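Residue-level structural notes
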Amino acid sequence: MEFDVIVIGAGPAGSAAALTAAKGGAKVLLLEKGPEPGSKNVSGAMIRTEEIAKVFDTSSMPFERKVKNVDLIFMDSTGKVRISVDISSGLINVGRLKLDKWMAQQAEKAGAVLVTKTTALGVEKDGEKYKVVTDRGSISGSKVVLAEGVNALISMGMKIRPDLEPEHSVQAVKEVYNLNKDEINKRLGFKSDEEGSSWRIFGTNPVPYAGFLYTYKDAIAIGVGIPMSILVKKKISPYTVLDELKERLGINELVKGGSLREYSAKVIPEQGFPSYRACSGKIYLAGDSIGLINALTFNGIGPAVISGSIAGKAALEGYECFKYEEELMKDKEIKGVVKARPLIQELTKEENLNYYVNFLGDALHSWAYGSLSLNLDMPRLIKHLMLGMGVLKA
Amino acid sequence: MRIEERLYTLRYKRDEKPHLAIIEPNKCQKCAEINGVPEPCIVVCPANVYSWVDNNRIVVSYENCVECGACRIACPFDNISWKYPRYGLGVAFRYG
């Protein structure tokens with residue numbers, strides 16, 4: 001059997017690519033290594049509906065809760081500062097298994113053939129076509145979309161992009177606690193079962209980290225990401241940092257009576273397109289496999305969907321590489337990811353994370369006590385402001 | 001909470017063939033000398049897949065793996081052969 005387009009990976013990028021190519025009339029194969037779409041995927045589980053709606057019909061989108069506030073929490077060694085931002089609409093907490101299945105189903109409805117429990121091992125040139133080698137045999141296709149996720153073994157093996165380095169990777173761990181709906185509503189102050197919350201936590205103890213909390217209908221997810229090089233240098237395990245964060249934030253009290261339902265982990269890439277190539281011949285890379293995650297806004301699913309849809313179009317039309325990469329760069333969200341990278345790399349440096357968390361803590365504590373004293377490091381602030389302006393203009 | 005208690009929450013279908021392997025055991029000894037103990041792969045692994053035994057070798061409990069990929073990246077000697085389990089085996093998340 002032969003396909004026009006073979007998509008590797010049925011996550012948000014892969015399903016968006018398969019849906020776009022199938023809608024355009026191509027014969028599409030969507031390969032997934034897990035037992036079902038989403039079963040091997042881990043994320044912070046928050047999406048921006050308008051980004052998903054650019055590709056998928058969101059009228060039946062499965063969601064957990066609608067985010068009504070995003071809380072920013074800074075914790076230094078002495079105390080914490082908490083800022084709550086009301087959100088009027090558009091931010092949604094989702095469960096990845098349900099979301100990814102729903103995305104893959106839309107691709108299937110458009111005509112794509114989904115095959116699960118099949119791991120792609122490599123892609124070989126076969127005359128004008130490509131041979132995709134899997135653990136169940138080989139299959140031929142004219143174009144290939146690689147939506148492999150962060151561990152992009154095929155893309156790296158083919159040298160389309162470089163390998164990941166500890167200096168540019170964040171290691172994240174996450175726990176999901178179940179709790180009944182009413183208890184979640186009561187403990188987090190929600191007025192209905194649809195209301196939800198999202199926390200962003202920045203801390204410095206025992207190492208600098210960025211944490212998160214999300215709400216499902218009947219569960220609460222708490223997690224933390226730490227620059228991998230810091231873990232290696234300080235010889236601290238990621239779950240030790242998560243335990244510290246939970247202790248400091250009183251999470252054990254918050255989920256009291258509930259039980260741990262799932263523990264998971266994920267590597268978050270800090271580098272990628274356009275310093276990585278996103279294409280080779282008629283092979284197009286999308287999503288996490290080319291580092292399309294915006295760590296400033298904690299958004300990876302949106303850029304994955306958008307890049308996947310561009311990859312699907314590229315495969316359908318047989319774009320040359322320059323054209324595909326140009327189309328990626330034209331997109332507002334993807335441009336935002338690219339522009340944010342220099343600032344993110346600065347902010348995830350140990351000394352900078354420490355500085356900002358302590359700076360905000362000191363400034364706001366002193367203000368709360370009645371006098372505002374600022375420990376300004378002008379050169380640092382100006383440098384980051386300049387980098388930030390590049391991001392804000394995007 | 002012990003790491004084992006966290007791992008009990010997960011659904012696994014075990015692949016009889018290990019999907020993780022140390023390529024050159026000698027390099028782990030060298031790594032321990034240079035980087036100290038615990039080595040980078042042991043530190044970053046969220047599932048205690050790696051352990052340093054008898055002060056001379058790494059033991060790989062691949063059955064615990066949550067497939068995040070961190071160990072391969074952290075290994076300073078590129079000494080970990082890292083693949084996904086075959087045929088959809090390995091871990092399967094419900095929330096993700």
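Each chain has its residues counted from 1, following the order in which its sequence is written. Lettering for chains starts from A, numbering for ligands starts from 1, and both go in the order in which the items are written. Totals for whole chains, interfaces and linings use all residues, but because this is a predicted model, local features are given only for residues with pLDDT of at least 70 and pairs of side-chain atoms are given and counted only at 80 or more. As a rule here, side-chain values cover all heavy atoms of the structure and leave hydrogens and water aside.

A few points about the overall build of chain B
Our working rule: Secondary structure elements follow DSSP: runs of H or I no shorter than four residues count as helices, runs of E no shorter than two count as strands, and numbering proceeds from the N terminus. Radius of gyration here uses only the C-alpha atoms, and the compact-globule reference equals 2.2 Å multiplied by the residue count raised to the power 0.38. Whether a residue is buried, partly exposed or exposed follows from its accessible area with a 1.4 Å probe, protein chains only, as a fraction of its type maximum: under 20%, in between, or over 50%, in that order.
Within chain B, the secondary structure is distributed over four helices and six strands. Listing each helix as α and each strand as β along chain B from the N terminus yields α-β-β-α-α-β-β-α-β-β. Since a compact globule built from 96 residues should have a radius of gyration of about 12 Å, the 14 Å found for chain B is in line with a globular shape. Within the span of chain B, comprising 96 residues, buried residues form 51% of the whole.

Regarding unusual backbone geometry
Backbone torsion omega between asparagine 205 of chain A and proline 206 of chain A reads 0°, so that peptide bond is classified as cis. Take proline 206 of chain A: it is sitting in the loop between β12 (195-203) and β13 (209-215). Between valine 37 of chain B and the following residue, proline 38 of chain B, the backbone shows a cis peptide bond with an omega angle of -5°. Structurally, proline 38 of chain B can be placed in the loop between α2 (25-35) and α3 (40-44). Even without being a glycine, lysine 159 of chain A presents a positive backbone phi close to 60°. Examined against the element boundaries, lysine 159 of chain A turns out to sit in the loop between α4 (153-157) and β11 (169-178).

Side note on the interface of chain A and chain B
Stated formally: Contacts are assigned to residue pairs that have any heavy atoms within 4.5 Å of one another. Buried area is a sum: the accessible area each of two parts loses on coming together, probed at 1.4 Å, counted once for each and added. Criterion for a salt bridge: a side-chain nitrogen of Lys or Arg within 4 Å of a carboxyl oxygen of Asp or Glu. N or O atoms closer than or at 3.5 Å make up a polar contact, with two conditions inside protein: a donor-capable atom paired with an acceptor-capable one, and, for residues adjacent in sequence, both atoms drawn from side chains.
Contact with chain A, which involves 51 residues of that partner, is made by 39 residues of chain B. Across the chain A/chain B interface, buried area totals approximately 3700 Å², and carbon plus sulfur atoms make up 56% of it. When the buried surface of chain A facing chain B is broken down by residue, Lys235, Glu262 and Tyr263 of chain A rank first, second and third, together holding 18% of it. Taken together, chain A and chain B are joined by four salt bridges. Here glutamate 175 of chain A and arginine 6 of chain B are joined by a salt bridge, their closest N and O atoms 2.4 Å apart. One can count 23 residue pairs in polar contact (both at pLDDT 80 or more) joining chain A with chain B. Listing elements by their share of the side of chain A that touches chain B, those giving two or more residues are α3 (96-109), α4, β11, α6 (228-234), α7 (238-249) and β15 (259-269) of chain A.

Comments concerning the state of the cysteines
Note the threshold: Cysteine sulfur atoms that come within 2.5 Å of each other are treated as a disulfide pair.
Summed over all chains, the structure comprises one disulfide over all chains. In this model cysteine 279 of chain A forms its disulfide with cysteine 321 of chain A; the gap between the sulfur atoms is 2.2 Å. Across the disulfide from cysteine 279 of chain A to cysteine 321 of chain A, rotation about the S-S bond amounts to roughly -75°, and the bridge is consequently left-handed. Taken as a pair, cysteine 279 of chain A in strand β16 (residues 279-280) and cysteine 321 of chain A in helix α10 (residues 321-330) lie far apart in primary sequence, 42 residues in all. Each member of the pair, cysteine 279 of chain A together with cysteine 321 of chain A, is buried. Cysteine cysteine 65 of chain B is unpaired, with the sulfur of cysteine 71 of chain B as its nearest cysteine sulfur at 6.4 Å. Cysteine 45 of chain B supplies the cysteine sulfur nearest to cysteine 71 of chain B, a cysteine that is in no disulfide, at a spacing of 6.4 Å. Residue classification places cysteine 71 of chain B among the buried positions, given a relative accessible area of 7%.

Re the pattern of salt bridges
All names here are of chain A. According to the stated counting rule, one finds 32 salt bridges over all chains in the structure shown. The salt bridge involving aspartate 288 is made with lysine 266; its shortest N-O contact spans 2.6 Å. Placement of the pair is aspartate 288 in the loop between β17 (283-285) and α9 (301-317) and lysine 266 in strand β15, with a sequence separation of 22 residues.

Topic: the nonpolar core
Going by this rule: Within this scheme, the nonpolar core is defined by two criteria: the residues are buried Ala, Val, Leu, Ile, Met, Phe, Trp, Tyr or Cys, and they are joined through side-chain atoms within 4.5 Å.
Ile8 and Tyr324 of chain A are the most contacted members of the largest nonpolar core, which has 78 residues in total. In contact with isoleucine 8 of chain A, not counting residues within four places along its chain, are Leu31, Ala120, Val123, Val132, Val144, Val145, Leu146, Ala147, Glu148 and Ile154 of chain A. Core analysis: the next-biggest nonpolar cluster, separate from the first, contains 66 residues, Val207 and Leu254 of chain A together with Trp52 and Val66 of chain B among them.

Points about the packing of helix α1 (residues 12-23) of chain A against α3 of chain A
All names here are of chain A. Our working rule: Axis definition: a line fitted to C-alpha atoms, limited for helices to the stretch in contact. Angles are taken between N-to-C directions and run from 0 to 180 degrees. Orientation labels follow simple angle bins: below 35 degrees gives roughly parallel, above 145 gives roughly antiparallel, 65 to 115 gives roughly perpendicular, and whatever is left gives oblique. For a crossing to be left-handed, the near helix must be turned anticlockwise from the far one by less than a right angle; the clockwise case is right-handed. When residues are sorted by character, Ala, Val, Leu, Ile, Met, Phe, Trp, Tyr, Cys and Pro go into the nonpolar class, Asp, Glu, Lys and Arg into the charged class, and all the rest, Gly among them, into the polar class.
Remark: α1 packs on α3, axes separated minimally by 8 Å, with the N-to-C direction vectors making an angle of 15°. Classified by the interaxial angle, the pair formed by α1 and α3 is roughly parallel. Handedness of the α1/α3 crossing: left-handed. In this structure, α1 uses Pro12, Ser15, Ala18, Leu19 and Ala22 to contact α3, whose residues at the interface are Arg96, Asp100, Met103, Ala104, Gln106 and Ala107. The residue inventory of the contact of α1 with α3, partitioned by class, reads seven nonpolar, two polar and two charged.

Notes on the confidence of the model for chain B
Note the following rule: Across the chain, each position has a pLDDT score giving the predictor's confidence in that residue, from 0 to 100.
Chain-level pLDDT for chain B is 96 on average; 100% of the residues reach the 70-or-more range. The complex prediction reports pTM at 0.95, with the ipTM value standing at 0.97.

A word on the pairing of β15 of chain A
Residues and elements named next belong to chain A. How we decide: Paired strands, in this sense, are two strands between which DSSP finds at least two bridges.
Within β15, eight of the 11 residues are buried, which leaves the element mostly enclosed by the surrounding structure. Pairing between β11 and β15: 10 bridges, direction antiparallel. Following the sheet pairing, valine 170 is matched in β15 by isoleucine 268.

Points about the packing of α9 of chain A against helix α11 (residues 332-347) of chain A
Residue and element names in this part refer to chain A. Packing of α9 against α11 brings their axes to within 9 Å, and their N-to-C directions diverge by 120°. One element, α9, and the other, α11, form an angle in the oblique class. Taken as a pair, α9 and α11 cross one another with a handedness that is left-handed. On α11, the residues touching Pro303, Ile306, Ser307 and Ile310 of α9 are Glu333, Ile334 and Val337. For the contact of α9 with α11, the residue count by class is five nonpolar, one polar and one charged.

Comments concerning a nonpolar patch on the surface
Residue and element names in this part refer to chain A. For the record, the criterion: Every patch collects residues that have over 30% relative accessible area and no salt bridge, joining them within 9 Å if they carry like charges and within 5 Å if they are nonpolar side chains (Val, Leu, Ile, Met, Phe, Trp, Tyr). The Shrake-Rupley method, run with a 1.4 Å probe, gives the accessible areas here. Residue values count only the displayed protein chains as cover.
Taken together, Trp367, Leu372, Leu374, Leu376, Met378, Ile382, Leu385, Met386 and Met389 make up a surface patch of nonpolar side chains, about 970 Å² in accessible area. With five residues, helix α13 (residues 378-393) is the largest single contributor of residues to the nonpolar patch. Mapping isoleucine 382 onto the fold places it in helix α13. Overall, the relative accessible area of 46% leaves isoleucine 382 in the partly exposed class.

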